[in-house]
Amino acid sequence: MSEARAERLAGLVAEGGLDLLLVGDLVRPGDSGRDAIANLRWLTGFSGTSGLAIVGPKLRIFLTDFRYTDRAEREVSSDFERATIDRELLSDAAKRLRGRVGYDDAHTSVKSLRTLEGAVPEGVELVAAGGLVERLRRHKDEGELEKIAEAARLADDVYEWIYERGVVGRTEREIMLGAHQRMRELGADDPSFPAIVGAGENSALPHHDSSDRKVQAGELLLIDMGAIVDGYCSDCTRTVATGEVEDEIREIYELVRSAQQAGLDAIRAGVDARDADAAARELIDAAGHGERFGHGLGHGVGLEVHEAPRLSRKSDQTLEPGDVVTVEPGVYVSGRFGIRIEDLVTVTDDGCRNFSGVAKELRVVG
């Protein structure tokens, strides 16, 4: 699989008038964070946190340090020559560069660029070339879709586990930590992100940090979470009631549910991302709550929980087969409550395939 990916990337490198492309974290080379190495993992299979790849039509080299030599032997595609060097990954990689060399300007610090400029051989031209790997990563193959589907199924199971245990009297943080532990028990690598658990007025905060507030009876509880399976993320949000709630809340809940279905119905290959956003947004606007839906309809998901494409009013992207995106409209009434419903889907030629299986009718959980 990685061999085919490297071949496709080498084609883009040549099309862009480049001889080579540097792939990896050029913000903190040698000690990368998870998100920064997504491109490297997709390309080579390497899941460690210290590595760089050099890719061109006739050259493929993977560099790491002693800590990850054995892992690289197990994980990195045989299509790559593997080399173990000292901790100065960037300086060593620079010595191997020739011709016009692309680097990912979205993941390159000023310090790293200066290091490259000072270490490359004479005659090497460094060219900003961000987004080449992301362009290929955007379209998931069947193997990737299977991993994402499994991550979504696992998260569905955790939702049911939370509801069955009960939520009233538990703190948001207790629910969050329990969800993380349960994901790992079921086989997840990790949660996709710290679960967002917002009760009552905290549900009106779209990216609330789960707190020590206890869930009370007769309010809304919003939980936004996802799991990672073999490196691939899921993302899902459900909002439930913890007892009887006001008619206004039920009406807005049904509005969000209808808007979410309209968004799902709009998803198919060839549709402009802004039009999918509009399909859901128009219903919320028409009901007089437009100013309470301040974020986009969704975003791409894969090795990172936020990646291309973006579904928003400002997006200039068009949906394509193999995209995996969230569909998550919401209405947030400041200081009182918030409602968001989010599914994870993959785009097909004639619609979408929904990975999220938790029921969306307003559920009462004790």
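A few points on the structure. Quantities reported herein were computed from a predicted structural model and do not represent experimental measurements.

Some remarks on the nonpolar core
Taken as a class, soluble globular proteins show a tendency for nonpolar side chains to be buried jointly. With 39 residues, the main nonpolar core has Leu9, Leu21, Val23, Leu43, Phe80 and Phe355 as its most contacted residues. Listing elements by their share of this core, those giving two or more residues are α1 (2-15), β1 (20-24), α2 (38-44), β2 (52-55), α6 (132-137), α7 (142-165) and β11 (232-233). Considering every element that reaches this core, the biggest residue donor is α1, with 5 residues. Not counting the four nearest positions on each side in its chain, Leu9 is found in contact with Leu21, Val23, Leu43, Val55, Leu132, Val133 and Leu136. Core analysis: the next-biggest nonpolar cluster, separate from the first, contains 31 residues, Ala266, Ala280, Ile284 and Ile339 among them.

Quick word on the pairing of strand β3 (residues 60-65)
Across the 6 residues of β3, 6 count as buried, placing the element largely inside the fold. Residues Arg60, Phe62 and Thr64 line one face of β3 and the alternating positions Ile61, Leu63 and Asp65 line the opposite face, and both faces are buried. Sheet topology note: the β2/β3 ladder contains 4 bridges and is antiparallel. Residue pairing across strands places Leu52 opposite Leu63, the latter belonging to β3. Hairpin geometry of β2 and β3 is characterised by an intervening segment of 4 residues between the two adjacent antiparallel strands. For the crossover from β3 across helix α3 (residues 69-75) to strand β4 (residues 81-85), the handedness is right-handed.

Considerations on the state of the cysteines
In total, this model carries 0 disulfides according to the counting rule given. For Cys233, which is in no disulfide, the shortest distance to another cysteine sulfur is to Cys236 and amounts to 14 Å. Looking at Cys233, the relative accessible area reads 1%, which means it is buried. With no disulfide partner, Cys236 has as its closest neighbouring cysteine sulfur the one in Cys352, 14 Å distant.

Concerning the packing of aromatic side chains
Inspection of the entire model under this criterion finds 3 aromatic pairs. Judged by centre distance (5.8 Å) and plane angle (85°), the rings of Phe46 and Tyr68 are edge-to-face. Taken together, the residues span a long stretch of sequence, with Phe46 in the loop between α2 and β2 and Tyr68 in the loop between β3 and α3 at a distance of 22 residues. A connected cluster of aromatic rings, assembled from ring pairs, spans Phe46, Phe62 and Tyr68. Positioned above the aromatic ring of Phe293, the side-chain terminus of Arg281 is 4.0 Å from the ring centre.

About the cut-offs
Residues numbered from 1 in each chain as written. Predicted model: local features only at pLDDT ≥ 70, side-chain atom pairs only at ≥ 80, totals over all residues. Heavy atoms only, no water. Core = buried A, V, L, I, M, F, W, Y, C linked by side-chain atoms within 4.5 Å. Buried < 20%, exposed > 50% of the residue type's maximum accessible area, 1.4 Å probe, protein only. Helix = DSSP H or I, 4+ residues; strand = E, 2+ residues; numbered from the N terminus. Contact = heavy atoms within 4.5 Å. Pairing = 2+ DSSP bridges. Right-handed = clockwise from strand over helix to strand, strands pointing away. Disulfide = S-S within 2.5 Å. Phe/Tyr/Trp six-rings, centres within 6.5 Å; stacked < 30°, edge-to-face > 60°. Lys NZ or Arg CZ within 6 Å of the ring centre and 35° of its normal.

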